Amino acid sequence: MKQEKVLIIGSGGQIGVELAMALRKVYGTDNVIASDLREAHPLLKDAGPYVILDAMDGKAIHELVKKEGITQIYLLAAMLSATGEKAPMKAWDVNMNSLLQVLEIGVQEKLTKIYWPSSIAVFGPTTPTLNTPQQTIVEPRTVYGISKYTGELWCQYYNQRWGLDVRSIRYPGLISWKSEPGGGTTDYAVEIYHEALKNKKYTSFLSENTYLPMMYMDDAIRATIELMEAPVEMMKTRMSYNLSAMSFSPKEIAAAIQKHIPDFTIDYKPDFRQAIADGWPKSIDDSVARSDWGWRNNFDLDSMTADMLMHLREKMG
Ligand code: NAD
Ligand code: AKB
């Protein structure tokens, strides 16, 4: 079997740092090139091949793919929901043009696989909010959601038209301690742990009963690798897979933290991100991913909270 050589574009963000470390365990450090617009994240610095690469620069990506004999691209560079609403045209440009260029390179260079993440942001206020099915009404109201849904359609097109093996997951909000979130609506669920340990209080930018689908990063990274390693015949959809692990509100995550830090307090000051969250599902039906390629989550709110607090305590010293 041919040795895979992986390029990660946008590896300096919340997912990319952990995904780069995990993929290096699978394929070997030297076979995974991490890249981003920014200098290497401290966890990736001097830890393997790293290049500065702009996801918008198709020519530079193409040259690197040819020079390094890249066989797989993981395209993570994007502007997320909250930053996207501040600069909608830029978000559209970054999110769409990076994908279209990578898909074209995928066809021209006959890449074995491409990974491109989608999001629960593809759904909108007209979507059924509880246990949102894989296929349902999809009318996103954010530029981020519009770009993700359009991107899904392009991935499906490139698969059907050119046979390109593009795989994708609609991640829920991701919660991690190793790397920082980068401008999403679900970021409160990471910030709250840091503030609980530092200041024993947190002001949430979402209201107390705003339920959103969420997942611990360990589960998200494992899901990504399992999806990418699954035999091709298991890929029954070429749109992105719904994926779910837990669903909670700011009030509920605060209560889970209070089991460990009893004097932790929370108050609520909703901002523009409330309207984004109000348009998203409260919970996700991921039965298609479960039956197509065997997805199972390991972490729920309580086990994630215990793990987050333990690791953040160690990290903060
Ligand atoms: P992030 O914002 O933390 O990281 C994105 C990275 O992309 C950053 O390091 C940034 O410097 C880089 N980047 C931005 N523009 C670039 C460009 N032009 N060229 C090269 N690099 C560029 O995002 P993330 O949370 O790691 O998300 C990665 C992907 O997963 C995105 O497509 C995002 O939409 C998707 N996703 C994330 C979540 C989540 O909760 N984190 C949920 C659903 C989907
Ligand atoms: C965001 O809040 O924008 C992301 C996402 C769910 O896509 N975390």
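Structure shown above.
All figures in this text were calculated on a predicted structure; none of them were measured in a lab.

Conventions adopted
Residues numbered from 1 in each chain as written. Chains lettered and ligands numbered in written order. Predicted model: local features only at pLDDT ≥ 70, side-chain atom pairs only at ≥ 80, totals over all residues. Heavy atoms only, no water. Helix = DSSP H or I, 4+ residues; strand = E, 2+ residues; numbered from the N terminus. Polar contact = N/O pair within 3.5 Å; in protein donor to acceptor, adjacent residues only side chain to side chain. Contact = heavy atoms within 4.5 Å. Phe/Tyr/Trp six-rings, centres within 6.5 Å; stacked < 30°, edge-to-face > 60°. Buried < 20%, exposed > 50% of the residue type's maximum accessible area, 1.4 Å probe, protein only. Core = buried A, V, L, I, M, F, W, Y, C linked by side-chain atoms within 4.5 Å. Domains from an automatic or database assignment. Near = heavy atom within 4 Å. Areas by Shrake-Rupley, 256 points an atom, 1.4 Å probe, with all protein chains shown as cover. 1 Å grid on protein atoms, 1.4 Å probe; cavity = no way out; pocket = protein on both sides within 12 Å on 5 of 7 lines; lining within 4 Å. Sits in = over half its atoms within 2 Å of the grid points. Nonpolar A, V, L, I, M, F, W, Y, C, P; charged D, E, K, R; others polar. Salt bridge = Lys/Arg side-chain N within 4 Å of Asp/Glu carboxyl O.

## Regarding the side chain of Ser283
- For Ser283, the position within the fold is in the loop between α9 (273-278) and α10 (287-293).
- Of note is the side chain of Ser283, whose polar atom sits 2.8 Å from the backbone nitrogen of Asn131.
- Here Ser283 is in contact with Thr129, Leu130, Asn131, Thr132, Pro213 and Ser247, once residues within four sequence places are set aside.

## Looking at the packing of aromatic side chains
- Taken as a whole, this structure holds 8 aromatic pairs when the rule is applied.
- The interplanar angle of 55 degrees and the centroid separation of 6.2 Å between the aromatic rings of Trp154 and Tyr158 together place this pair among those described as tilted. Of this pair, Trp154 and Tyr158 both sit in helix α5 (residues 143-162), 4 residues apart, which is roughly one turn of the helix.
- Trp154 gets classed as partly exposed once you look at its relative accessible area, which sits at 33%.
- The class of Tyr158 is buried, set by a relative accessible area of 6%.
- Taking the centre distance of 6.0 Å and the plane angle of 70 degrees together, the rings of Tyr157 and Tyr158 count as edge-to-face.

## Quick notes on the nonpolar core
- By size, the foremost hydrophobic cluster in this structure holds 39 residues, and its most contacted members are Ile175, Tyr188, Tyr193, Phe248, Ile253, Phe264 and Met304.
- Listed by contribution, the elements that provide at least two residues to this core are α6 (188-199), β11 (212-216), β13 (246-248), α8 (250-258), α9 and α11 (301-316).
- Structurally, this core is a two-domain feature, drawing no fewer than three residues from each of domain 1 (6-172 + 217-227) and domain 2 (173-214 + 244-316).
- Listed in part, the 34 residues of the second largest apolar core include Leu19, Leu174, Met228 and Met235.

## Quick notes on the site of ligand 2
- With respect to spatial proximity, the complete set of residues near ligand 2 consists of Leu80, Ser81, Ser119, Ile120, Tyr144, Gly184, Thr185, Thr186 and Trp280.
- In this structure, an oxygen atom belonging to ligand 2 sits 2.7 Å away from a side-chain N or O atom of Tyr144.
- Within the backbone of Thr185, one N or O atom sits 2.6 Å away from an oxygen atom of ligand 2.
- Against a free-state accessible area of 250 Å², the protein chains account for coverage of 95% of ligand 2.
- Using a 2 Å cut-off from the grid points, one finds that ligand 2 occupies the largest pocket.
- When its residues are assigned to classes, the shell around ligand 2 shows 4 nonpolar, 5 polar and no charged.

## Quick notes on the pattern of salt bridges
- Summed over all chains, the structure comprises 15 salt bridges.
- Between Asp36 and Arg38 there is a salt bridge, with its nearest N and O atoms 3.9 Å apart.
- Looking at Asp36, the relative accessible area reads 10%, which means it is buried.
- Take Arg38: its relative accessible area is 52%, and that puts it in the exposed class.
- Here Asp263 and Lys200 are joined by a salt bridge, their closest N and O atoms 3.3 Å apart. Here Lys200 lies in the loop between α6 and β10 (201-204) and Asp263 lies in the loop between α8 and β14 (265-268), a separation of 63 residues in the sequence.

Geometric descriptors of this kind do not, in isolation, establish any biological role.
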